[in-house]
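Each chain, written out:
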Amino acid sequence: MKRYTLHLVSLLSLALAMACFVPQRAAADDDDPPGRVARLGFVRGNVSFEPAGTEDWISAVVNRPLTTGDKLWTDADSFSELHLGSASIRLGSNTGFSFLNLTDNTTQVRLTEGTLNIRVRRLGDDETFEVDTPNLAFTLLRPGNYKVNVNEAGDATVVIVRDGQGEVTGGGSAYTVHPQEVGTFNGTDQIDADVESWDNSSDDFDNWCAERDARIDHSVSARYVSDDVIGYEDLDEYGGWRPTPDYGTVWFPHVAVVGWAPYHYGHWAYIAPWGYTWVDDAPWGFAPFHYGRWVTVGGVWGWVPAPPRPVAVGVVYVRPVYAPALVAWVGGPHFAVGIGVGGGFAAGVSVGWFPLGPREVYVPSYHVSRAYVTNINVSNTRVETTVVNNYYNATVINKTTVTNVTYVNQRVTGAVSVTTPQAFTSAQSVSRNSVSFNAREVASAPVVATTPAVVPSRQAVLGSGATATVRPPAALQSRAVVAKTAPPPPPPTFAKRQEAIQANGGRPLAMSEARQLQPETALARPNIKIAPPAKPQAIQAKGVQTNPNKPVTPVNAANKTVTPPATNPNRPPSAQPNAPAKTNNENPQLEQKHQQQVQDLRGQQDLERQKVEQQQVKERADLEKKATDEQAQQKLNQQHQQQLEDLEKKHDAEEAKLKQQQQAEKKNPPKPAKPAKEDKPPKKDK
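Counting of residues starts from 1 at the beginning of each chain's written sequence and follows it residue by residue. This being a predicted model, a pLDDT of at least 70 is required before a residue's local features are given, and a value of 80 or more before pairs of side-chain atoms are given or counted; all residues contribute to the totals for chains, interfaces and linings. Hydrogens and waters are ignored; side-chain quantities use all the structure's heavy atoms.

Peer 1: Just to check I follow, could you spell out the overall build of the protein chain for this structure?
Peer 2: Elements are defined by DSSP. Helices are runs of H or I of four residues or more, strands are runs of E of two residues or more, and each kind is numbered from the N terminus. Tallying secondary structure elements over the protein chain gives 14 helices and 30 strands in all. Using a 1.4 Å probe on the protein chains alone, a residue whose accessible area is under 20% of its type maximum counts as buried, one over 50% counts as exposed, and one in between counts as partly exposed. Looking at the protein chain as a whole, 51% of its 686 residues qualify as buried. Throughout, a residue-residue contact means that at least one pair of heavy atoms, one from each residue, lies within 4.5 Å. Of the contacts made within the protein chain by residues no fewer than 6 positions apart, 66% connect residues no fewer than 24 positions apart. Residue-level accessible areas treat just the shown protein chains as cover; the underlying method is Shrake-Rupley with a 1.4 Å probe. Accessible surface, the protein chain: about 32,200 Å² in total, of which carbon and sulfur atoms supply 52%.

Laid out in structure tokens, this is it:
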């Protein structure tokens, strides 16, 4: 086994080395889509979403991938959270947000009103992170923790740099904001600036952001999966890691559904430029469906992750490349895999797929280069470069199907999911629109690597979210912002894109094809004002050199938010002045002890769950051998379902009890043991 493992490691190292020597962004590769997206990972309250190219606001759905042109609005008393690999963006109440540009090396966001909390753990020399507000552009220069607030009138921006460093550009001037400083910038055409020391105060929104950051910092999953995999921090709470002899350490989800299988509980949405994209229902359902591979171990589904970032210096590392869905598609006369010109489904067909297993090649249906196909596979699974090249030559260049492959999950019971064409193309729930099929036919059916080519409906782009009950004011949507870096043109409208996809035989458009759909008038972007050349401003010991005669806009003492012209009584408590400062009385040793207790408890629970699941698999197999009727199988499934639900309740109660004990310890921490007294010699008798 050691020899086999070493062989795999050597193959992986060779594949990674070859991938790194391939020119990543040559002229012929300009059509490669970005290797990352932003994940909407958390929503509290009323959060609305407008997909790029549409003018429809819908309710935001967790696990929706976001990219250039997508917009968000968090209403009063509402929060939301985005992840971009090594960066997190959190939106406070009454916040208007959108992505002006999101690529492998560029993050440019538009903040028209409200509050952003940004944490960047890594920022490469070739990476740009820019926040554009109505009166300035703020560029993050270093990894760190930042807060940006825009008032309701849009004429004042406050920037807090807890740690890191940033540069403000606007009104023909540039200002540097250093760690532990807060900068207040008033005006639009001409900026009055004031930079002073930050007093370490915090509000409710800050405290919530700190709690979310702590989940990432203390994540156990970071030991086993690359920290560039978006959404890995949610795996701790909803599953456990166990070593396996064939696949290394594998993550097993905690699910209370008998016969659960990946890529079954969710829906398909159409997201350009990738095309049909899987959006899972589970709160943890992002990382395991866009990175890595799935496999069954002892009859139980587990996720084999993308390899973690190597610790050793000089070891080649390829950042995991996002994939819309790592599945293969079932072919044959009753399944739609090859759609004719016109982009419609044939009558009497269904759409079927199953998850790819370890070492199986993923082939995109969208336009990509050879280097992209190599990187998206070697960064997500253990696969030889020659195998990837064979797939690329056959499917992308020669437009043929690779037939001499045995897919590990094709014949696994419950692995194949089948739904109707209507459900597939209109973002309907797959589990609620499942289609029964002949298991024997599927087990021997041909497999197609690429997604069916079919023109999306408008609903496919909108996804499963309902029509939004709240949306930003019209004036806020058209509010212009200042940009230091010129963003790309806005994405084309859905109507234009749909027409072009129809002409393209239902296949997703290449990046260059989508850019050609834009009219020349769209290049101007009236809601983007490019900042004029800036002159660096001198900084005194206490802040920026300013005009001593200018009236200073008052700043809230606690959260450094600019006082708006008129106070809005409907603002949530986190936006009100004088929020209480967060006290930090944490005991590092006690915190470490509590983390270890949680890990130990979850480890015991994982072992207990593993035994129950394996016993259930054995019982179902025994029942199938007896060829019992459907009623008996249904009864057994109900028993198993109840077992899993009872087990979940038991584990929840155990964790609640432990949490209660830990909270009591935090309120009344144990006193340190007194040093033992030295033994005194016995007194002599008088």
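Back to the text.
Peer 1: Would you explain the packing of aromatic side chains in this entry?
Peer 2: Within a pair of aromatic rings, the relevant descriptors are the distance that separates the centres and the angle that separates the planes. For Phe, Tyr and Trp, rings pair up if their centres lie within 6.5 Å, where Trp contributes its six-membered ring, and each pair is then called stacked (planes under 30 degrees apart), edge-to-face (over 60) or tilted (otherwise). Scanning the model with the defined rule gives 29 aromatic pairs in all. Seen in terms of ring centroids, phenylalanine 42 and tryptophan 208 are 5.6 Å apart; in terms of plane orientation they differ by 45 degrees. Their pairing is tilted. A residue pair is termed long-range when its members are at least 10 positions apart, and phenylalanine 42 in strand E1 (residues 38–44) and tryptophan 208 in helix H2 (residues 204–217) qualify at 166 residues. Taken together, a centroid distance of 5.0 Å and an interplanar angle of 35 degrees make the contact between tyrosine 224 and tryptophan 241 tilted.

Peer 1: Quick question: what am I supposed to make of the nonpolar core here?
Peer 2: In a soluble, globular protein the nonpolar side chains are often hidden away together inside. Core analysis: the largest hydrophobic core is formed by 78 residues, its most contacted members being Tyr263, Trp268, Trp278, Trp284, Trp294, Trp303 and Trp353. Once residues within four sequence positions are removed from consideration, tryptophan 303 is found in contact with Val225, Leu235, Trp241, Val250, Trp251, Ala287, Pro288, Tyr291, Gly292, Arg293 and Trp294. Side-chain atoms within 4.5 Å are what join buried Ala, Val, Leu, Ile, Met, Phe, Trp, Tyr and Cys residues into a set we call a nonpolar core. Listed in part, the 40 residues of the second largest apolar core include Leu102, Tyr146, Val168 and Ala193.

Peer 1: Explain helix H11 (residues 494–503) to me, please; I cannot follow it from the model alone.
Peer 2: By the burial criterion, the buried members of H11 are Phe494, Arg497, Ala500 and Ile501. Seen along its axis, H11 keeps its buried residues to an arc of 130 degrees; they face one direction. Exposed residues lying more than 90 degrees from the buried face of H11 are Glu499 and Ala503. Those residues of H11 hidden inside the fold are in contact with strand E20 (266–271), helix H9 (458–462) and helix H12 (511–515). A positive phi of about 75 degrees marks glycine 505, the residue just after H11. Taken from the helix axis, the directions to the C-beta atoms give the arc we talk about.

Peer 1: Looking at this structure, how should I read the pairing of strand E8 (residues 95–102)?
Peer 2: The two faces of a sheet get side chains in turn, since along a regular strand they alternate between them. Of all 8 residues in E8, 8 are buried; the element is thus mostly enclosed. Where strand E5 (residues 71–74) meets E8, 4 bridges bridge the pair, whose relative direction is antiparallel. Bridging across to E8, lysine 71 finds its partner in serine 98. What makes two strands pair is DSSP finding at least two bridges between them. The pairing of E8 with strand E9 (residues 106–120) spans 6 bridges and is antiparallel. By the bridge assignment for E9, leucine 102 is matched with threonine 107.

Peer 1: Even after reading the chapter, I still don't get unusual backbone geometry, so can you show me in this structure?
Peer 2: The phi torsion of most residues other than glycine is negative, and most of the peptide bonds are trans. Between alanine 272 and the following residue, proline 273, the backbone shows a cis peptide bond with an omega angle of 5 degrees. With respect to the helices, strands and loops of the structure, proline 273 is situated in the loop between E20 and strand E21 (275–280). The residue aspartate 77 is not glycine, and still its phi comes out positive at about 55 degrees. Even without being glycine, asparagine 200 reaches a positive phi, approximately 65 degrees. With relative accessibility at 46%, the residue asparagine 200 sits in the partly exposed group.

Peer 1: Please clarify how the side chain of aspartate 32 should be interpreted in this entry.
Peer 2: Mapped onto the secondary structure, aspartate 32 falls in the loop between helix H1 (2–21) and E1. Residues adjacent in sequence count toward polar contacts only when both atoms are side-chain atoms; beyond that, a polar contact is any pair of N or O atoms within 3.5 Å, and within protein one must be able to donate a hydrogen and the other to accept it. A polar contact of 2.6 Å, which involves the side chain of aspartate 32, links it to the side chain of serine 369.

Peer 1: I'm lost on the sheet that holds strand E26 (residues 417–419) in this one. Help?
Peer 2: Strands in a sheet are paired, the pairing made by backbone hydrogen bonds, and the direction either parallel or antiparallel. Across the sheet, which stays open at both edges, the 4 strands sit in the order E26-E25-E24-E27 with antiparallel pairing between neighbours. Looking at which strands have only one partner, the edges of the open sheet turn out to be E26 and strand E27 (447–448). Taken together, the 2 bridges between strand E24 (residues 327–330) and E27 define a ladder with antiparallel strand orientation. Bridge pairing links valine 330 to valine 447 in E27.

Peer 1: Looking at this structure, how should I read the pairing of E9?
Peer 2: Here E9 lies mainly inside the structure; 15 of its 15 residues are buried. Summarising the sheet, strand E7 (residues 87–91) and E9 pair through 5 bridges and their orientation is antiparallel. Within E9, the position partnered with serine 88 by the bridge is arginine 119. Linking two consecutive strands that pair antiparallel, namely E8 and E9, is a turn of 3 residues. Direction of pairing for E9 relative to strand E10 (residues 128–132): parallel, over a ladder of 5 bridges. Among the inter-strand pairings, threonine 106 is bridged to a residue of E10, identified as threonine 128. Here E9 pairs with strand E12 (residues 144–150) via 7 bridges, running antiparallel. Looking at the pairing, isoleucine 118 lines up with tyrosine 146 of E12.

Peer 1: Teacher, can you tell me more about the side chain of asparagine 135 here?
Peer 2: Secondary-structure assignment places asparagine 135 in the loop between E10 and strand E11 (137–140). Within polar-contact distance, the side chain of asparagine 135 engages the side chain of threonine 157 at 2.6 Å.

Peer 1: Help me out: how do you make sense of the environment of aspartate 126 in this one?
Peer 2: As for its placement among the helices and strands, aspartate 126 is situated in the loop between E9 and E10. Distance in space between the C-alpha atoms of aspartate 126 and asparagine 105 is 6.5 Å, their sequence separation being 21 residues.

Peer 1: Sorry, what's going on with the environment of phenylalanine 286 here?
Peer 2: As for its placement among the helices and strands, phenylalanine 286 is situated in the loop between E21 and helix H4 (287–290). Taking C-alpha positions, phenylalanine 286 is 8.4 Å from glycine 41, a pair spaced 245 residues apart along the chain. When near neighbours in sequence (up to four residues on either side) are disregarded, phenylalanine 286 contacts Val37, Arg39, Asn63, Pro65, Ile230, Tyr291 and Tyr322.

Peer 1: Any chance you could explain the pattern of salt bridges here in plain terms?
Peer 2: Between side chains of opposite charge, a pair can form as their charged atoms come close. The salt bridge definition used is simple: a Lys or Arg side-chain nitrogen within 4 Å of an Asp or Glu carboxyl oxygen. Tallied over the full model, the rule gives 17 salt bridges. Note that arginine 309 and aspartate 227 form a salt bridge whose closest N and O atoms lie 3.6 Å from each other. Of the two residues, arginine 309 sits in the loop between strand E23 (300–304) and E24 while aspartate 227 sits in the loop between H2 and helix H3 (235–238), which places them 82 residues apart along the sequence. With its nearest N and O atoms 2.5 Å apart, the salt bridge here joins aspartate 228 to arginine 309. Highlighted residues: aspartate 228 in the loop between H2 and H3 and arginine 309 in the loop between E23 and E24, separated in sequence by 81 residues. Relative accessible area serves as the criterion here: at 7%, aspartate 228 is assigned to the buried category. Residue arginine 309 is classed as partly exposed on the basis of its relative accessible area, which comes to 32%. Three or more residues joined by partner-sharing salt bridges are found here, namely Glu81, Arg90, Arg119, Arg212, Asp213 and Asp217.

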